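# Per-entry structural report
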Amino acid sequence: MVDEFVPTKEWLSKSLGGVPVSHLSVKKFGGEGNRGVSGASFFKCTASFDGPVVNPTYGLPTEYFLKIRNANQDANEFAIESTVDKLAENLPHPPPLAHMFSIGQNHMLMEDAGTPLDGNYTFNEAEMTQVLDSYADLHGAFWNIPKVELLRSAEWWGAVFTGSFLGKEEMDRWLDWRMTPEPYLSLIRRARDELGFERIFEFMNRHGVTLAQGDAHNGQLLRLSELASSTHGGRKFGIIDFGTAVRANPAVDVGSILRSLNADKRHEEFDFVRYYLKSLRQDASFAGLLQGDQLV
C-alpha cells in the first residue's frame, strides 16, 4: 500500500541512480488531508554518503523532500509534475524550481531547496516583488510554449478555477457563503452570465501564453535556502507544485498570487502588476520574445 510506505536508504540509493547511501534519517508529516488538501504524505530525508574525501557526497545534496501519493489519489497524480520537470530540464536559464531526482507513479523525490510557507502567510512589499521576480522567470522561460498534451487542458482548468463546474445556482450559493463584496460580486456574475468564463479565458490567452502554475498561492512557494538561492541568481522564493499547470496567460498566476499580499498593500495591486511586467520584459529567457505580444 502507498500509505504504508517509508523510504529506506536502499530505496533512496536506487532513486538516485545507484549511488550508495550509508545512512538515512526520515521525518514524516502530512497525509490524510493534513498539511495539504490532497492528503499526500511527505518526508524530509537526510542522507549520508561514503564518497571519497574529495567528493564525500558524490556531488549530491544531503537533504531531500519526498512526496508520496495517497492510495485514494489518481494514479496519474504526478504525471503533470513529471512533464513540467522534463520541460525545464534543459532550459538555458531555468526558473527557481526545486530539482527533481526521481518521479514515479507513487512518488516525487526532490532537493530540499527551502522552507515551505504557511498557507496563511502574507507578503510585504519587498517579498511580493521577489515572488513576482520568480514568476517572471517561470513565465519568461516558457513564453509562447506550444500545446503540451500532458498539461491540464484549458477546459479542465477553466471549469475548476472559475467554479463553473458547480452550476449557476450552486456557484451563487458559494459566492454568498464566501461573502464576496460588491462591486466584485456583481462583476463576477455579469462576467459569467453575459460573457461566459470560457470566452474570457480565451480572450486572455490571445495576449500571450506561457506555462502557468495554475494555482499560485503562498503554500506553493519555498523560501529558498542560501545554497538554492545562489544557484538561481539570488532569487528568494522558489515555486513548487505543478499539479494544475496549464498553458495560459500569465495573468492566471499573477492575479492569484496577489491575493497573498498584505492587506495594507492591496490598493497598490496595479503597481505590482506593472512591476511584474517590467521584470518579465527584463528576464533573460524572455529577451526578444515579446514582439507581437501585448500581454495587456
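Attention in this report is confined to the structure presented alongside it. (Residues numbered from 1 in each chain as written. Predicted model: local features only at pLDDT ≥ 70, side-chain atom pairs only at ≥ 80, totals over all residues. Heavy atoms only, no water.)

## Structural notes on the packing of helix α3 (residues 125–141) against helix α10 (residues 269–282)
With their axes 9 Å apart at the nearest point, α3 and α10 run at an angle of 40° to one another. Between α3 and α10, the interaxial angle falls into the category oblique. Taken as a pair, α3 and α10 cross one another with a handedness that is right-handed. Seen from α3, the contacting residues are Glu125, Met128, Thr129, Leu132, Asp133, Tyr135, Ala136, His139 and Gly140; seen from α10, they are Phe272, Tyr275, Tyr276, Ser279 and Leu280. (Axes fitted to C-alpha atoms, helices over the stretch in contact; angles between N-to-C directions. Helix = DSSP H or I, 4+ residues; strand = E, 2+ residues; numbered from the N terminus. Parallel < 35°, antiparallel > 145°, perpendicular 65-115°, else oblique. Left-handed = near helix turned anticlockwise from the far one by under 90°. Contact = heavy atoms within 4.5 Å.)

## A look at the layout of surface pockets
Its volume calculated, the largest pocket comes out at about 2100 Å³. Contributing to the lining of the largest pocket are 44 residues, with Phe161, Ile188, Gly255, Ser256 and Arg259 lying nearest its centre. Where the lining of the largest pocket is concerned, the elements lending two or more residues are α4 (154–162), α5 (168–177), α6 (184–195), α7 (197–205), α9 (251–257) and α10. Of the residues that constitute the lining of the largest pocket, the class distribution is 30 nonpolar, 9 polar and 5 charged. (1 Å grid on protein atoms, 1.4 Å probe; cavity = no way out; pocket = protein on both sides within 12 Å on 5 of 7 lines; lining within 4 Å. Points joined across faces, edges and corners; volume = space filled by probe spheres on them. Nonpolar A, V, L, I, M, F, W, Y, C, P; charged D, E, K, R; others polar.)

## Thoughts on the environment of His232
Of note, His232 is situated in the loop between α8 (226–231) and β9 (237–239). Residue class for His232 comes out buried when judged on its relative accessible area of 17%. In the structure, His232 is positioned 136 residues away from Pro96 in sequence and 5.7 Å away in space, judged by C-alpha atoms. Not counting the four nearest positions on each side in its chain, His232 is found in contact with Pro94, Pro95, Pro96 and Leu97. (Buried < 20%, exposed > 50% of the residue type's maximum accessible area, 1.4 Å probe, protein only.)

## A word on the sheet that holds strand β8 (residues 221–224)
Within the open sheet, the 3 strands sit side by side as β6-β8-β9. Their pairing is antiparallel. Because the sheet does not close on itself, it has two edges, and the strands there are β6 (114–116) and β9. Taking the axes of each pair of neighbouring strands and ignoring which way they run, one obtains an average angle of 35° across the sheet. Packed on one face of the sheet, α3 meets β8 and β9 and runs near 40° to β9. (Pairing = 2+ DSSP bridges.)

## Topic: empty space enclosed by the protein
Gaps left between atoms show up when a probe the size of a water molecule is rolled over them. Within the structure shown, the criterion is met by 1 cavity of 30 Å³ or more. One number sums up the size of the largest cavity: a volume of about 40 Å³. Lining the largest cavity, in full, are Pro96, Leu97, Ala98, Glu111, Ala113, Leu222, Leu224, His232, Gly238 and Ile239. Only β8 and β9 provide two or more residues apiece to the lining of the largest cavity. Grouping the amino acids of the lining of the largest cavity by side-chain chemistry returns 7 nonpolar, 2 polar and 1 charged.

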